[in-house]
Amino acid sequence: MPPSRLWPALALVINALIWGTSWWPFRQLHEQAGLHPLWTTTGVYLMAVLVIGATRPAAWRELARTPALWLIVLASGTTNASFNWGVTVGDVVRVVLLFYLMPLWAVLLARALLDEPLTRAALLRVAMALAGAAIVLWPEDGTSLLPLRLTDALGLIGGFSFALNNVMLRRESTRSESSRALAMFLGGALVAGLLALALGTARVAPPPALSPGWLGFALALGSLFLLSNLGLQFGAARLPANATAVIMLTEVVFASASALALGAGTLSPALALGGALIVGAAVLAALRP
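Quick caveat, the model's predicted, so the values are computed rather than measured. (Residues numbered from 1 in each chain as written. Predicted model: local features only at pLDDT ≥ 70, side-chain atom pairs only at ≥ 80, totals over all residues. Heavy atoms only, no water.)

Caption draft 1: Layout of the overall build of the protein chain. Scanning the protein chain for helices and strands turns up 14 helices and zero strands. In the protein chain, the order of α-helices and β-strands from amino to carboxyl end is α-α-α-α-α-α-α-α-α-α-α-α-α-α. Relative to its length of 289 residues, the protein chain is compact, with a C-alpha radius of gyration of 19 Å against a globular reference of 19 Å. Taken along the three principal axes of its C-alpha coordinates, the protein chain extends 50 × 45 × 40 Å. Of all 289 residues assigned to the protein chain, the portion counted as buried reaches 48%. Sequence separation of at least 24 residues holds for 87% of the intrachain contacts in the protein chain that already meet a minimum separation of 6. When the 17 basic and 11 acidic side-chain charges of the protein chain are each reduced to a single mean position, those positions are 9 Å apart. (Helix = DSSP H or I, 4+ residues; strand = E, 2+ residues; numbered from the N terminus. Rg over C-alpha atoms; globule rule 2.2 N^0.38 Å. Buried < 20%, exposed > 50% of the residue type's maximum accessible area, 1.4 Å probe, protein only. Contact = heavy atoms within 4.5 Å. Lys, Arg positive; Asp, Glu negative; His and termini not counted. Charge placed at Lys NZ, Arg CZ, Asp CG, Glu CD.)

Caption draft 2: The arrangement of the pattern of salt bridges in detail. A complete count under the given rule lists four salt bridges for this structure. We note a salt bridge from Arg 149 to Asp 152, for which the minimum N-O separation is 3.4 Å. With a relative accessible area of 2%, Asp 152 lands in the buried category. In this structure, the salt-bridge partner of Arg 175 is Glu 172, at a minimum N-O distance of 3.0 Å. Looking at Glu 172, the relative accessible area reads 8%, which means it is buried. Three or more residues joined by partner-sharing salt bridges are found here, namely Arg 94, Arg 149 and Asp 152. (Salt bridge = Lys/Arg side-chain N within 4 Å of Asp/Glu carboxyl O.)

Caption draft 3: Region of interest: helix H6 (residues 92-99). Buried residues dominate H6, accounting for eight of its eight residues. Taken together, the buried positions of H6 are Val 92, Val 93, Arg 94, Val 95, Val 96, Leu 97, Leu 98 and Phe 99. Structurally, the start of H6 carries an N-cap: the backbone nitrogen of Val 93 is 3.1 Å from a side-chain oxygen of Asp 91. (Polar contact = N/O pair within 3.5 Å; in protein donor to acceptor, adjacent residues only side chain to side chain.)

Caption draft 4: Just the nonpolar core, in detail. Ranked by size, the top nonpolar core spans 77 residues in total, and within it Val 92, Val 96, Tyr 100 and Phe 225 carry the most contacts. Element by element, the count of residues in this core is highest for helix H10 (residues 177-199), at 10 residues. Discounting residues that sit within four places of it in the chain, Phe 225 has contacts with Ile 18, Trp 19, Ser 22, Phe 26, Val 44, Tyr 45 and Phe 185. With five residues, the next largest nonpolar core counts Ala 9, Leu 12, Ile 247 and Met 248 among its residues. (Core = buried A, V, L, I, M, F, W, Y, C linked by side-chain atoms within 4.5 Å.)

Nothing here speaks to function; it is geometry throughout.
Now the structure itself:
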């Protein structure tokens, strides 16, 4: 691989590694410091907002006068609140696989928002994703799928909102990178914080008293997320879109391998089969012309 592609690919792999293993620091802050993942998400993304807002003040003006970017705020915020909460309290492998039902949602959203046609290849991806989701979600005792457990619902909601986020980023590709990055990080801080307040202390415990231990850990996590965003923008701007999408799928590998190694997830035959169908649909989506 030539250096012109090696470094962008490595940047995308680092981004996928950070996201794929982010469940561990979130879980440590939750279990050791008593910090709910919604509050962790709020703090981590607020730090990123302050950095981007201070270094790129023009991004605030562009965001304020562009209504479409506020849909990215909502979509990105819902993505991060759902995903971070799900992988913190649930089976990481299961949540990540349900999150990666993006090809299903992306086909429907691209049809509605970008007027893309429903081709046979797109319908095949939808069928594969639906079959995979049914296998993953179907209870082992053969009872009804409904009601969904909380972590399953969080994985599904997170995947849908991530697909909406990606479709909107494509539609608003002429906007500056700083304004889109600000919209995504601001969404993470706003949606998670407002959801934590709306659920109340009965469901989401208030943040613990400040201490150097967990505060430093959270600041390090925020720095890693900023690094991952820079890696994503550097890599995606220099590689073909399908190559970017395929490399980003390594997040599933990093998340599953780390969760299985550290006892935060399980891999039954049914989950492996359903996951193979879901990831296969994502690969087909990434390789499409």
